[in-house]
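Summary of structural features
Spelled out from the first residue to the last, the chains are:
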Amino acid sequence: MKKLLLGDQAIAQGALDAGLSGVYAYPGTPSTEITEYIQLWHRSHPDTYVHDRWCTNEKTAMEAALGMSFAGKRALVCMKHVGMNVCADAFVNSAVTGVNGGLVVLAADDPSMHSSQNEQDSRFYGKFALIPILEPSNQQECYDMMAYAFDLSERLRLPVLMRIVTRLAHSRAVVNIADSARPQNALSDPADAAGWVLLPVRARRKYSELTAAQPTLQEASAGSPFNKASKEPKASKAVIAAGIGYNYLMENYPDGAPFPVLKVSQYPLPVDAIRALASQSDELLVIEDGQPFIEEQLLGLLPIKTVIHGRLDGTLPRTGELNPDNVKAALGLASAQTFAPSATVVGRPPALCQGCGHRSVYEALNRVLADFPSSRVFGDIGCYTLGALPPYQALHSCVDMGASITMAKGAADAGIFPAIAVIGDSTFTHSGMTGLLDAVNENSPITIIISDNLTTGMTGGQDSAGTNKFEAICRGIGVADEHLKVVVPLPANMDEITRIIREEIAYKGVSVIIPRRECIQTLARHTRQKKQQS
Amino acid sequence: MKTDIILAGVGGQGILSIATIIGQAALDQGLYIKQAEVHGMSQRGGDVQSNLRISSNPIHSDLIALGTADVIIAMEPMEALRYQPYLGKDGWVITATSPFVNIPNYPDIQAINAALDSLPHVVHIDIESLAKANKMPKAANMILLGAAADALGMDFELLRQAIRTVFAAKGDAIVDMNLQALTIGRENKG
Ligand code: SF4
């Protein structure tokens, strides 16, 4: 069967057809559409059990998936690259416990930071954890690699990391898919039950086994159907092209490159194939999206006489994503003639939607803080990060999920007053609750605004784990009732909101203000759905 | 054959539905397609684009190289101009005429139009007024597609068929409105 699918959707379909029992994820661009596809699929297959609810964060997702694997079933964890930092503890240790049912961890990297705060390359995590990494170069490979990845995971008894980039995640192509799905695994006990209890004595044994398995991983890469060497004779240069980089290379040579090429889509690096390639040419160009992961490893692998070109020597840009143009230049090919960028065009940065509740929050905050020039506002990750841009310019930081509360606390510890945190509902349950507990335990003089739009807005309106529970959560953590306030962020309520912000700033302890109004995008969607139903 | 198309607009303007129709028409012809989209933060009123590539041969890159696009279809004039470095030297620009002003420093519209008119083949079409006059505010993007049909070199009937397929679930009235919009676009492209 043929289907037009985004890279993300091809991964989802591939996982379903490989006998998936559960997907575990927190929304994050560019990975969100994987889980959304499985949720949609599930609606038309209500009798099949597949876990597909959103998780509170990437760590809970990773751990739940490991639990499903422990029970013998196939599980998929999906996240954007920075989610790997959140789940790193569980992720790295899952390589030590090993798996029972197949476990695939999907990291969607965002070179060029289209929707992210850094361009970290998840392949380093795979190498760090000593597990196999797969890197598809097109939508068909996204699909095909899922069955392969689950089989590989079960054969090696290790999790497998699959790494994609934005341009593959969010690009559509026709994909050939199977007519039927493999049945899901039955429940089973792990073969090495003791190895799941990582007491030092057992962890040492497991870690030795993991390192001893590395030659097997190397063999798997050498024999991988996704790593391919072309049979061109010796030439003045040879190219290693990884993942999506292979496409940009072939775009320039639709009938085949006139020099030797090694396509890399499975790691650890196929060392023998790379040595063979280096013996065919004294100059190697490495085309890889993200950071110079392969290039750095080559430096220790090849004879000194081999000249290596790539992101480190500037043949390709050190930062930003690959594209047909920078790859063309790296290959020494001339670009097409172009019209120069027009000087008339100006930037059009994203902005909060008109009518968004976050707007009233910033409006109120700016009015109050005009009287407090020493105030600092610590922001967080979500649509409301756009409050840093004009017209509000209300934020002094945005670092990682949850950092608003803890940074405000640290700044207050240092003597900054007033220290304000602005965090969204979904980000608060993702990583804000523990920081709130720290602040409550020390009764830090900070004012926390949990701007609750009843959804995960930035990624398109997924369920938010804490909806309807925020007052209870804050009370449970120990926020005093009289300093827990709920308001409706509308321009009409500006006086009330500013009054409350002033009062809570004056209070020298932890206050939480919850402006609550549904995201107008999800509101519009819900109204449409209701209309259709009636 | 190979056609490289850049669809441009502002987040929320519906460029992806244009891409969906062209993509469906290409699939119906058994052509290869690749369609790179923008999801995430820029969708909040920022500039968005989609690279749509159609070919009778397999396509490698998801992105279009500089100076090689055959057609730029834009829901907004400044957004059309933004991608001119991607336009091939004989390429076509089909653009809506109404500026979408959500920034304080939106340039002078005359300057934008003058810059656009220095390109080899440009079609300006006032899709907003046409949509309003024909009582089809939601189908402005199909009017734009109609205006682009000739530049795309696609059989008009294939585009009509694609509209029927893509909008089928929404009922006959919606299908008919979008078909009519497509025709209005082709007939009013000046
Ligand atoms: S998507 Fe929702 S939360 Fe985000 S800016 Fe728009 S209205 Fe606000």
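That block above? That's the structure.
First, a word on what this report is: a plain description of the structure on this page. Residue numbering note: each chain is counted from 1, following its sequence as written. Key to labels: chains lettered from A, ligands numbered from 1, both in the order written. Local features are withheld for residues below a pLDDT of 70 in this predicted model, meaning they are given only at 70 or higher, and side-chain atom pairs are given and counted only at 80 or more; totals for whole chains, interfaces and linings count all residues. Side-chain metrics rest on all non-hydrogen atoms present in the structure, leaving aside hydrogens and water.

Right, let's talk about the interface of chain A and chain B for a bit. The contact criterion used throughout is that any non-hydrogen atoms of two residues lie within 4.5 Å. Each side of the interface is counted separately: chain A has 45 residues, and chain B has 48 residues. What gets called buried area is simply the loss in accessible area from a 1.4 Å probe that two parts show on being joined, summed for both. Summing both sides of the interface, chain A and chain B together bury roughly 3,900 Å²; the carbon and sulfur share of this comes to 58%. For this analysis, a salt bridge means a side-chain nitrogen from Lys or Arg found within 4 Å of a carboxyl oxygen belonging to Asp or Glu. Taken together, the connections running from chain A to chain B amount to 4 salt bridges. N or O atoms within 3.5 Å of each other form a polar contact, as long as, within protein, one can give a hydrogen and the other can take it, and as long as residues adjacent in sequence are counted only when both atoms are side-chain atoms. Applying the counting rule to chain A against chain B returns 22 residue pairs in polar contact (both at pLDDT 80 or more). Helix and strand assignments come from DSSP, with helices taken as H or I runs of at least 4 residues and strands as E runs of at least 2, each series counted from the N terminus. Residue assignment for the side of chain A that touches chain B shows that the elements contributing at least two residues are β1 (2-6), β7 (171-176), α11 (245-252) and α14 (324-330) of chain A.

Residues and elements named next belong to chain A. Summed over the entire model, instances satisfying the criterion amount to 38 salt bridges over all chains. Where Arg205 meets Asp192, a salt bridge forms, and the shortest distance between an N and an O atom there is 3.1 Å. In this pair, Arg205 sits in helix α9 (residues 200-212) while Asp192 sits in the loop between β7 and α9, placing the two residues 13 residues apart along the sequence. Residues joined in a network through salt bridges with shared partners are Asp109, Asp121, Arg123, Glu135, Arg163 and Glu288.

Let's shift gears to the sheet that holds strand β6 (residues 160-165) of chain A. Residue and element names in this part refer to chain A. What makes two strands pair is DSSP finding at least two bridges between them. The 6 strands are arranged β2-β3-β4-β6-β5-β11 in an open sheet whose pairing can be described as mixed. Lying at the two open borders of the sheet, with one neighbouring strand each, are β2 (20-25) and β11 (266-267). Bridge count between β2 and strand β3 (residues 74-80): 5 bridges; the pairing is parallel. The residue of β3 that forms the bridge with Gly22 is Ala75. Convention adopted: a line fitted to C-alpha atoms gives each axis, helices being fitted over their contacting stretch, and angles between N-to-C directions are expressed from 0 to 180 degrees. Against the sheet, helix α1 (residues 7-17) touches β2, β3, β4 (103-109) and β6, its axis set at about 155° to β6. Sheet strands in contact with helix α7 (residues 139-156) are β2, β3, β4, β5 (133-134), β6 and β11, and its direction is about 160° off that of β6.

Let us now look at the environment of B:Gly12. Residues and elements named next belong to chain B. Take Gly12: it is sitting in the loop between β1 (2-10) and α1 (15-28). Each residue is assigned to one of three classes by its accessible area relative to the maximum for its type, calculated with a 1.4 Å probe on protein chains only: buried under 20%, partly exposed between the two thresholds, exposed over 50%. Exposure remark for Gly12: the relative accessible area of 82% places this residue in the exposed category. Distance in space between the C-alpha atoms of Gly12 and Gly45 is 6.8 Å, their sequence separation being 33 residues.

The next subject is the site of the ligand. Near, as used in this document, describes a residue that has one of its heavy atoms within 4 Å of the molecule or strand being considered. Neighbouring residues of the ligand: A:Leu352, A:Cys353, A:Cys356, A:His358, A:Cys383, A:Asn453, A:Cys519, A:Ile520, A:Gln521 and B:Arg44. Residues close to the ligand are split across chains A and B. Any residue with an atom within 4 Å of a point lines the site, the site being either a cavity, points on a 1 Å grid over the protein atoms alone where a 1.4 Å probe fits but cannot get out, or a pocket, an open set with protein on both sides within 12 Å along at least 5 of 7 lines. A molecule is said to be in a cavity or pocket once over half of its atoms fall within 2 Å of that pocket's grid points. Taking a 2 Å distance to the grid points as the criterion, the majority of the atoms of the ligand fall inside the largest cavity. Of the residues in the shell around the ligand, the class split is 6 nonpolar, 3 polar and 1 charged. Asp, Glu, Lys and Arg are counted as charged, while Ala, Val, Leu, Ile, Met, Phe, Trp, Tyr, Cys and Pro are counted as nonpolar; the rest, among them Gly, fall into the polar class.

This part covers the layout of surface pockets. Residue and element names in this part refer to chain A. Grid points are joined across faces, edges and corners, and a volume is the space filled by probe spheres set on the points. Within this model, the second largest pocket holds a volume of roughly 680 Å³. Lining the second largest pocket are 41 residues, and of these Lys80, Gln117, Ile381, Gly382 and Met401 lie nearest its centre. Looking at the lining of the second largest pocket, the elements with two or more residues in it are α4 (83-86) and α17 (425-441). If one sorts the elements of the lining of the second largest pocket by residue count, α17 sits on top with 5 residues. The residue makeup of the lining of the second largest pocket, split by class, is 13 nonpolar, 24 polar and 4 charged. What marks off one domain from the next here is an automatic or database domain assignment. Taken domain by domain, the lining of the second largest pocket gets at least three of its residues from each of domain 1 (2-212) and domain 3 (357-522).

Our focus in this paragraph is helix α5 (residues 140-152) of chain B. Since one α-helical turn is 3.6 residues long, residues separated by three or four positions face the same way. Residues and elements named next belong to chain B. With 13 residues, α5 extends 18 Å from end C-alpha to end C-alpha; this agrees with the ideal 18 Å at 1.5 Å per step. At every residue, the bend is computed as the angle between two fitted axes, covering the seven residues ending there and the seven beginning there respectively. Remark: the principal bend of α5, roughly 30°, maps to Gly146. Burial of α5 is extensive: 11 of the 13 residues sit out of reach of the surface. Among all positions of α5, only Ala140, Asn141, Met142, Ile143, Leu144, Leu145, Gly146, Ala147, Ala148, Ala149 and Leu152 are buried. Positive backbone phi, approximately 65°, marks Gly153, located one or two places after α5. Residue count minus one, scaled by 1.5 Å, sets the expected span of a helix.

Below, the discussion takes up α11(A). Counting buried positions along α11(A) gives 6 out of 8 residues, so the element sits mostly inside the fold. Every buried residue of α11(A) is accounted for by A:Gly245, A:Asn247, A:Tyr248, A:Leu249, A:Met250 and A:Asn252. Buried positions along α11(A) lie against α8 (166-169), β9 (238-242), β10 (261-264), β12 (283-287) and α14 of chain A together with β2 (32-36) of chain B.

All names here are of chain B. It is at 6 Å that the axes of α5 and helix α7 (residues 172-187) come closest, and there the two elements cross at 50°. By the angle class used here, α5 and α7 are oblique. Both α5 and α7 take part in a crossing whose hand is right-handed. Facing Met142, Ile143, Leu145, Gly146, Ala147 and Asp150 of α5, the residues of α7 in contact are Asn178, Ala181, Leu182, Ile184, Gly185 and Arg186. Here the residues of the contact of α5 with α7 are counted per class, giving 7 nonpolar, 3 polar and 2 charged. Each angle is binned into one of four classes, with values under 35 degrees roughly parallel, values over 145 roughly antiparallel, values of 65 to 115 roughly perpendicular, and all other values oblique. Crossings are assigned a handedness: left-handed for a near helix turned anticlockwise from the far helix by less than a right angle, right-handed for a clockwise turn.

It is worth spelling out the sheet that holds β12(A) at this point. Residue and element names in this part refer to chain A. Spatially, the 5 strands line up as an open sheet ordered β8-β10-β9-β12-β13, and their pairing is mixed. The sheet is open, and its two edges are formed by β8 (228-229) and β13 (307-309), each paired on a single side. The pairing of β9 with β12 spans 4 bridges and is classified as parallel. The partner of Ile240 across the bridge, within β12, is Val286.

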